[in-house]
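# Structure assessment
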Amino acid sequence: MIQGTNIRALNGGVTTDQIFALVRDLRKDVKVPLVFMTYANVVFSYGAERFISTCQEIGIDGLILPDLPFEEKEEFLPTCRRYGVDLISLIAPTSQNRIAMIAGEAEGFLYIVSSLGVTGTRSEIKTDLASIVAVVRQNTDLPCAIGFGISTPEQAKKMAEISDGAIVGSAIIKLLEKYGREAPQYIGEYVKSMKDALR
């Protein structure tokens with residue numbers, strides 16, 4: 001789902017500099033924290049110093065690189081720290097005995113992956129997430145949010161009951177793909193329904 005979106009964006013001529021310009025414009029009105037989620041190669045090929053310093057300049061608070069193994073985070077972490085951009089750690093169901101270590105070294109917040117496989121909506125999430133969150137809570141006071149496969153208000157509510165929030169990506173991308181230029185209205189309604197479920 002997200003890979004397909006990347007291909008459409010690249011075919012449409014979208015560049016990293018255009019995304020930076022978009023965020024500069026958004027920051028005129030948007031005050032909530034903003035985090036980029038992208039591939040490590042995007043940062044590497046742009047130049048880590050240049051990419052991360054630009055993040056600081058335009059007001060990006062954190063960086064999620066899902067394809068960056070925890071053991072290789074030193075590739076970007078010193079630069080992120082130099083510019084005050086949190087490098088967000090992910091914890092997957094396969095992390096098991098590494099959960100405490102990852103949580104103990106985390107910055108910003110922790111992204112807990114709900115299930116194995118690629119991103120996309122799921123009808124049911126069967127991972128024992130409460131146990132993962134319990135280990136996280138024993139090792140950090142940072143907030144943690146659960147993502148991957150969350151697409152309904154009911155799922156979001158369930159995830160927020162055991163963590164600090166729910167992360168939704170593919171479901172929003174589906175709306176964008178379906179409605180094109182008309183999508184903002186539908187995405188707004190969808191996000192509101194998700195937020196209302198968390199109250």
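Each value, and the rule that gives it
- Residues numbered from 1 in each chain as written.
- Predicted model: local features only at pLDDT ≥ 70, side-chain atom pairs only at ≥ 80, totals over all residues.
- Heavy atoms only, no water.
- Helix = DSSP H or I, 4+ residues; strand = E, 2+ residues; numbered from the N terminus.
- Rg over C-alpha atoms; globule rule 2.2 N^0.38 Å.
- Buried < 20%, exposed > 50% of the residue type's maximum accessible area, 1.4 Å probe, protein only.
- Contact = heavy atoms within 4.5 Å.
- Areas by Shrake-Rupley, 256 points an atom, 1.4 Å probe, with all protein chains shown as cover.
- Lys, Arg positive; Asp, Glu negative; His and termini not counted.
- Charge placed at Lys NZ, Arg CZ, Asp CG, Glu CD.
- Polar contact = N/O pair within 3.5 Å; in protein donor to acceptor, adjacent residues only side chain to side chain.
- Patch = residues over 30% accessible without salt bridge, like charges linked within 9 Å, V, L, I, M, F, W, Y side chains within 5 Å.
- Salt bridge = Lys/Arg side-chain N within 4 Å of Asp/Glu carboxyl O.

## What about the overall build of the protein chain?
In terms of regular secondary structure, the protein chain is built from ten helices and five strands. Expected size for 199 residues packed as a compact globule is a radius of gyration near 16 Å; at 17 Å, the protein chain falls within 12% of this value. Along the longest, intermediate and shortest principal axes, the C-alpha atoms of the protein chain span 40 × 40 × 30 Å. The proportion of buried residues among the 199 residues of the protein chain is 39%. Sequence separation of 24 or more characterises 60% of the internal contacts of the protein chain that already satisfy a separation of 6 or more. Here the protein chain has roughly 11,200 Å² of accessible surface; of this, 55% comes from carbon and sulfur atoms. Side chains of the protein chain give 21 positive and 24 negative charges; the mean places of these two sets differ by 5 Å.

## Some words on the side chain of Ser163
Take Ser163: it is sitting in the loop between helix H8 (153–162) and helix H9 (170–179). With relative accessibility at 7%, the residue Ser163 sits in the buried group. Among the polar contacts listed, one links the side chain of Ser163 to the backbone oxygen of Met159, at a separation of 2.8 Å. One polar contact links the side chain of Ser163 to the main-chain carbonyl oxygen of Gly165, over a distance of 2.9 Å. Not counting residues within four places of it along the chain, the set of residues in contact with Ser163 comprises Val133, Arg137, Cys144, Ala145 and Ile146.

## Some words on a nonpolar patch on the surface
Taken together, the side chains of Val14, Ile19, Leu22 and Leu26 present a nonpolar region at the surface, about 290 Å² in accessible area. Of note, Leu26 is situated in helix H2 (residues 16–26).

Interpretation in functional terms is not warranted from these geometric data alone.
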